[in-house]
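What follows is the residue order along each chain.
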Amino acid sequence: MKLQNVITFRLSILKAVSIALWAVCFYFAIIKEINNETDENLTAYAETIITDYLAGEGMPATDKASDNRYHIRKVTDDYAASHRHIRYKDMEVFFEGRDRYEPARTITYIFKTADGQYRELTVFTATIDKDNLKRAILYWLIVLYVVLLAGIIIVNLYTVRHSMKPLKALLKWLDNYKLGGRNRPLSNDTNITEFKKLNETVKRNIERSERQYEQQKLFIANASHEMQTPLAVCANRLEMLLDDEALTEAQMTEIIKTLRTLKNLSATNRSLLLLCKIDNGQFEGRTRIDIKATTLKTLDDLKAVYEHKHITVSTDMDAAPMAEMDESLAGILLGNLLKNAFIHNTAGGTISVKTDGRTLTIANTGAATKLDDSKIFERFYHSADKKSSTGLGLSLVKAICNLYGFGLKYSFVDGKHTFSITFSKK
């Protein structure tokens, strides 16, 4: 979930609970205020009646059409002792003048006369229908609650989204950033202190990574370059030793194994040096390459090398694409893919090469299961049955495709390992 949505959700929940608590308090406060106002009038009226009654003066008339009515009755001492002397209550009262029951608020007073007897005065007055009032207040509180909550969510979402723009810009820049590539500078002006510090921290880490990356590339390039001459000298000396007739068969075998290891090391060294040159952008020249002609030439060379495997090669390249790229890299690109198809094939297997005007597809038989397409283009990755290879062939293919923006895809279809290169967009 996005950070802005999480913040908006949490703020909305907090404010929703706060508004709900306010609504409950507001509801009970309104009801209490209505009761207090009515009770004050009832109390004043009841005290006036009691005062007149105890003084023996004339009692107010109880008009049946009036909202204020009362009655006095005699009660026992036990009744007076077991009941509160002042009580308020809501009840339904039949008003004869209106000929219907209506809600009323009543006050009940128990008082003592001069002769020591208890009297109970009940005064009631018509009041608003509190059930209807409660429903109306509840309805409008719910409407207000929903409107406020929706408004809060919209305001929160807009505010948080606007505040998060610097973070979004930074994340987008990081997503598009490629170490060692041509990246646009970070332009992310903001007045928010935390985002300023985050921008500065990211810049420092990127600069440190770039320096380390450049140092690593320089070290690999220098090391690879310096190793080439000693490796060639060692190989030449071992080849000269093979001419010595005094060598035993066992000694010659060991020298041949050592030569093979040196050749593999030399091939790895050359591949690493080539990768460094590609990463450093040292292949800027471009030539229009005929993919069909280069592929067929490479195929002829490899057929002679791997004829002992009796592999059947079929081609369908009537609509062959053209590519704008360095000529030497074109040979390495196609050579590595085709060599890969021969090396990882089975004896008596097949290789098919097809083009459709913009895509070259090379499919070969081989292992019965799909390769790990998340690793096959990584450097020094070896398949389970080919530990002797340098593990850089497909890495070079990937690097060259990235350099020129070619599409590269691996798939396993109908028991064949298929590599496709798209040289141009539609």
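For the structure itself, consult the block above.
Notes on the structure follow. What you see is a predicted model, and the numbers here were worked out from it, not measured in a lab.

Counting its regular elements, the chain contains nine helices and eleven strands. Taken against the 2.2 N^0.38 rule, which gives 22 Å for 426 residues, the C-alpha radius of gyration of the chain at 48 Å runs more than 25% over that of a compact globule. Seen through its C-alpha atoms, the chain measures out along the principal axes to roughly 155 × 45 × 45 Å. Taken over 426 residues, the chain has a buried fraction of 35%. A separation of at least 24 residues holds for 67% of the contacts in the chain among residues at least 6 apart in sequence.

Tallied over the full model, the rule gives ten aromatic pairs. Ring centres 6.4 Å apart and planes at 75° place the aromatic pair tyrosine 45 and tyrosine 70 in the edge-to-face group. Of the two residues, tyrosine 45 is situated in helix α1 (residues 3–55) and tyrosine 70 in strand β1 (residues 68–75); the sequence distance between them amounts to 25 residues. Note on tyrosine 404 and phenylalanine 406: the rings are 5.7 Å apart at their centroids and 25° apart in plane angle, and the pair reads as stacked. The burial state of tyrosine 404 is the same as that of phenylalanine 406; both residues are buried. A connected cluster of aromatic rings, assembled from ring pairs, spans Phe377, Tyr410 and Phe419. Across from the ring centre of tyrosine 79, 5.2 Å away, lies the NZ or CZ of arginine 73, which sits over that ring. Residue placement shows lysine 398 over the ring face of phenylalanine 377; its charged tip is 5.8 Å from the ring centre.

In spatial order, the strands read β6-β8-β9-β11-β10; together these five strands make up an open sheet with mixed pairing. At either margin of the open sheet sits one strand with a lone partner, and together these are β6 (312–316) and β10 (407–413). Strand after strand, the sheet turns through a mean of 15° between neighbouring axes, direction not considered. In the packing of helix α8 (residues 327–343) onto the sheet, contacts are made with β6, β8 (350–355), β9 (359–364) and β11 (416–422), and the angle to β9 comes to roughly 20°.

So, on to helix α9 (residues 393–404). Its twelve residues place the ends of α9 17 Å apart at the C-alpha level, agreeing with the 16 Å of an ideal helix rising 1.5 Å per residue. Packing partners of the buried residues in α9 comprise α6 (249–279), β7 (322–325), α8, β10 and β11. Of the residues one or two after α9, glycine 405 is the one with positive phi, at around 75°.

Taken together, the side chains of Lys2, Arg161, Lys165 and Lys168 present a region of like positive charge at the surface. Position of lysine 168 among the secondary structure elements: in helix α4 (residues 165–176). Note on lysine 168: relative accessible area 39%, which makes it partly exposed.

At histidine 310, a position not held by glycine, the phi torsion is positive, near 55°. On the secondary structure map, histidine 310 appears in the loop between α7 (291–305) and β6. Looking at histidine 310, the relative accessible area reads 61%, which means it is exposed. The backbone of aspartate 414 sits at a positive phi, close to 55°, despite the residue not being glycine. Mapped onto the elements, aspartate 414 comes out in the loop between β10 and β11. Given the relative accessible area of 76%, aspartate 414 is considered exposed.

Here we come to helix α5 (residues 193–242). For α5, built from 50 residues, the straight-helix expectation of 74 Å at 1.5 Å per residue is met to within 8% by its first-to-last C-alpha distance of 72 Å. In the structure, α5 departs most strongly from a straight axis at glutamine 228, where the bend amounts to approximately 25° and where the proline proline 230 lies between one and four residues downstream.

Together, Phe9, Ile13, Val17 and Leu21 make up an exposed nonpolar region whose accessible area comes to about 400 Å². If you trace the backbone, leucine 21 turns up in helix α1. Judged by its relative accessible area of 53%, leucine 21 falls in the exposed class.

What counts and how
- Residues numbered from 1 in each chain as written.
- Predicted model: local features only at pLDDT ≥ 70, side-chain atom pairs only at ≥ 80, totals over all residues.
- Heavy atoms only, no water.
- Helix = DSSP H or I, 4+ residues; strand = E, 2+ residues; numbered from the N terminus.
- Rg over C-alpha atoms; globule rule 2.2 N^0.38 Å.
- Buried < 20%, exposed > 50% of the residue type's maximum accessible area, 1.4 Å probe, protein only.
- Contact = heavy atoms within 4.5 Å.
- Phe/Tyr/Trp six-rings, centres within 6.5 Å; stacked < 30°, edge-to-face > 60°.
- Lys NZ or Arg CZ within 6 Å of the ring centre and 35° of its normal.
- Pairing = 2+ DSSP bridges.
- Axes fitted to C-alpha atoms, helices over the stretch in contact; angles between N-to-C directions.
- Expected span 1.5 Å × (residues − 1).
- Patch = residues over 30% accessible without salt bridge, like charges linked within 9 Å, V, L, I, M, F, W, Y side chains within 5 Å.
- Areas by Shrake-Rupley, 256 points an atom, 1.4 Å probe, with all protein chains shown as cover.
- Salt bridge = Lys/Arg side-chain N within 4 Å of Asp/Glu carboxyl O.
- Lys, Arg positive; Asp, Glu negative; His and termini not counted.
- Charge placed at Lys NZ, Arg CZ, Asp CG, Glu CD.
- Bend = angle between axes of the 7 residues up to and from the residue.

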